[in-house]
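Working through the structure, step by step
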Amino acid sequence: MTGERKPWVGDLIHDTDANRRGVVTDVRGGAVWVLRPESGPGQWTSRQPERLTVVTPREEMQGRL
């Protein structure tokens, strides 16, 4: 993610460690990113925002969710 902004709530991301895409639903204490799948139930967390790549920024996601 060098030179890119950190993922934030509402961004569609690709999590390299989990090898899946999801939406950031919360950032707890600036240290834990809470993610949910693009569709369907469930959630997971990441403590490594550098391993999260923004696929679609939240500004573009508005209206899609």
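Attention in this report is confined to the structure presented alongside it. None of the values given here were measured: they were computed from a predicted structure.

This next bit is on the packing of aromatic side chains. As enumerated under the stated definition, the model contains 0 aromatic pairs in all. The ring of W44 carries R20 above its face, with NZ or CZ at 3.8 Å from the centroid.

This part takes up the side chain of D15. Checked against the element boundaries, D15 lands in strand β1 (residues 12–15). The buried charged residue D15 lacks any salt bridge partner; its closest oppositely charged side chain belongs to R51, at an N-O distance of 6.3 Å. A polar atom in the side chain of D15 sits 2.7 Å from the side chain of W44. For D15, the contacting residues outside a window of four places in its chain are R20, L35, W44, S46, R51 and L52.

Procedures and definitions
Residues numbered from 1 in each chain as written. Predicted model: local features only at pLDDT ≥ 70, side-chain atom pairs only at ≥ 80, totals over all residues. Heavy atoms only, no water. Phe/Tyr/Trp six-rings, centres within 6.5 Å; stacked < 30°, edge-to-face > 60°. Lys NZ or Arg CZ within 6 Å of the ring centre and 35° of its normal. Helix = DSSP H or I, 4+ residues; strand = E, 2+ residues; numbered from the N terminus. Buried < 20%, exposed > 50% of the residue type's maximum accessible area, 1.4 Å probe, protein only. Lys, Arg positive; Asp, Glu negative; His and termini not counted. Salt bridge = Lys/Arg side-chain N within 4 Å of Asp/Glu carboxyl O. Polar contact = N/O pair within 3.5 Å; in protein donor to acceptor, adjacent residues only side chain to side chain. Contact = heavy atoms within 4.5 Å.

Functional significance is not addressed by these values, which are geometric in nature.
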